[in-house]
Structures are given as structure tokens and as C-alpha cells.
Amino acid sequence: MFFDIHTHNNKPNKNIDKIVNIFPDNSSSIIIKSNLKYSIGIHPCYIQKNILEIELEKVAALSKEDNISAIGEIGLDRLSKTPLDIQSSVFIKQLKIAKESKKPIIIHCVRCYSELLNIRKEFSDLKWIIHGFRGKQELAQQLLDNNIYLSFGQAAISPAPSLYKTIRKVPLNRIFLETDESKLNIADIYEKVSEIKEINIDSLSNAVNLNRTKVFEN
């Protein structure tokens, strides 16, 4: 079975195990007894001061539910209209929620990796996954050295040369795959990444599922 760590597609598929991303403002759509798994968090580009405390309370309350598998996507984005200091404050508050609920976090990061790694020092006990990673091998290694997992998505289908090198070098015990907001089938991403890494698709799937066990079930 393929595992899609981050998707916005909430249609069940018996051949795919996935974590569906939702935001606090649409969390009422969650069916707590659903067979689907979810991540919930306040995205750094969608921080709204007037409802921030309400949304944080929703994230904290829902984080305790069994089918909430992760807090995310949360993080830092230098292109967001929200000032970086406010983003950092919201990010840290959600990291504290993750720590309290003992859930891993799915991170959105755009041009803020130095700030991210600085915050990481205080929350090194949490399991972090960077979603939609497109960075160069040097940045990937820096993240790996800080015990952070990397998830690759749509960009892996036709990767830039630098991303191609990154995917080849990232060890199997630190890799996840995702569809995010794309219309792609997760199987297509598995097929392409297995081609890049020169392994068969079953070996890749087994490695990802082992990572899932370590991150989400331990």
C-alpha cells in the first residue's frame, strides 16, 4: 500500500493510506469516526489575527483525536504577508500543542530554513517532516543532520537537476512522498522517485511505510 503523507484529496482509496490536510476553519467537516487520517494546523500564509486564538484552541482540541495524525501544515514563509515574528510565534505555539499531544509535525517552509533550524533546537524531541521539499543537496543534508524527514511531491516528476541530485542522495530511512494539492496519483510519484533512486517501487514503498511506523506509530 502506498502512503501519501500530505494531501488535500479526501476521497478514500483502498490502495492508498494518506494524511489529509485540513485547516481549523474547515475542521467542522471532520468526522471523528472517519477511517481517514488528518493533519491540522494554521498555515503561515493564512494567519488571521482576529480569529487566531480561536483557531489555536481548535488545533489544540482536535490534536487529541485519534484520527489526527499530525500537526500541520505549519511553519514559516518569507513570502507571506504576515510578519515573520508573528509567524514564528504562531509556529512555536503549535509546536507546543504537538509536544503536548505527542504528534509529529508537517512543516511548510519557504526561504526560512535558518530560522526554522534555530527553533528546532528547542523542539528537537519532536518528529519533523518538511513537506514538498525542493531544495539543494546541501540544505537537505543540513536538515537530515538535525534529524528531520523530507517529503517530495509533484516537483519530483520532472525535477530540476539540483532536486534530482537531492532525491538520489536522501537516505531511504528519511524519505516520504506526497501529492499535496496536485491531481497526481501518488503511485506516479513513487514510480518516478524509485526510478531516480534506481530501486524497485516495492523497496521504496516498504521504506516509506517503515518510516511511517517510526514517525506515526512509535
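Refer to the structure presented above.
Residues numbered from 1 in each chain as written. Predicted model: local features only at pLDDT ≥ 70, side-chain atom pairs only at ≥ 80, totals over all residues. Heavy atoms only, no water.

A word on the packing of helix α6 (residues 186–197) against helix α7 (residues 201–216)
- In contact at an axis separation of 9 Å, α6 and α7 are set at 110° when each is read in the N-to-C sense. When the axis of α6 is compared with that of α7, the two are roughly perpendicular. Facing A187, Y190, E191, V193 and S194 of α6, the residues of α7 in contact are I201, L204, S205 and V208.
- Here the contact of α6 with α7 is built from residues that sort into six nonpolar, two polar and one charged. (Axes fitted to C-alpha atoms, helices over the stretch in contact; angles between N-to-C directions. Helix = DSSP H or I, 4+ residues; strand = E, 2+ residues; numbered from the N terminus. Parallel < 35°, antiparallel > 145°, perpendicular 65-115°, else oblique. Contact = heavy atoms within 4.5 Å. Nonpolar A, V, L, I, M, F, W, Y, C, P; charged D, E, K, R; others polar.)

Some words on the side chain of N21
- Assignment of secondary structure puts N21 in strand β2 (residues 16–22).
- Excluding residues within four positions of it along the chain, N21 makes contact with H6, T7, H8, S39, G72 and E73.

Some points on the packing of aromatic side chains
- Throughout the structure, instances matching the rule amount to nine aromatic pairs.
- Taken together, F3, Y149, F176 and F216 form an aromatic cluster joined through their ring pairs.
- Over the face of the ring belonging to Y149 we find R174, whose NZ or CZ atom lies 5.9 Å from the ring centre.
- When the ring centre of F3 is taken as reference, the NZ or CZ atom of R212 above it lies at 5.2 Å. (Phe/Tyr/Trp six-rings, centres within 6.5 Å; stacked < 30°, edge-to-face > 60°. Lys NZ or Arg CZ within 6 Å of the ring centre and 35° of its normal.)

Topic: helix α4 (residues 137–145)
- Along α4, the residues that are buried comprise A140, L143 and L144. Taken end-on, α4 shows its buried residues confined to a sector of 100°, consistent with a single buried face. In α4, the exposed positions that point more than 90 degrees away from the buried face belong to E138 and D145.
- Buried residues along α4 sit in contact with α3 (113–120), β6 (128–130), β7 (149–152) and α5 (161–169).
- A positive backbone phi angle near 65° is found at N147, which sits one or two residues after α4. (Buried < 20%, exposed > 50% of the residue type's maximum accessible area, 1.4 Å probe, protein only. Arc of directions from axis to C-beta.)

Side note on the sheet that holds β2
- The parallel open sheet is built from eight strands, whose spatial order is β1-β2-β3-β4-β5-β6-β7-β8. Among the strands making up the open sheet, the edge pair consists of β1 (2–7) and β8 (175–177). Here the strands of the sheet are splayed against their neighbours by 25° on average, with no regard to which way each runs.
- Here strand β5 (residues 105–110) runs beside β6; their pairing, made up of three bridges, is parallel. Looking at β6, one finds that I105 is bridged to W128.
- Strands β1, β2, β4 (68–77), β6, β7 and β8 of the sheet are contacted by α7, whose axis makes an angle of about 105° with β8. (Pairing = 2+ DSSP bridges.)

Brief notes about the packing of helix α1 (residues 52–62) against helix α2 (residues 84–101)
- Two elements in contact, α1 and α2, have axes separated by 10 Å at closest approach and are oriented at 25°. Between α1 and α2, the interaxial angle falls into the category roughly parallel. Crossing handedness for the pair α1 and α2: right-handed. Between α1 and α2, the residues in contact are L52, E53, L56, V59 and A60 and V90, K93, Q94 and I97, respectively.
- Here the residues of the contact of α1 with α2 are counted per class, giving six nonpolar, one polar and two charged. (Left-handed = near helix turned anticlockwise from the far one by under 90°.)

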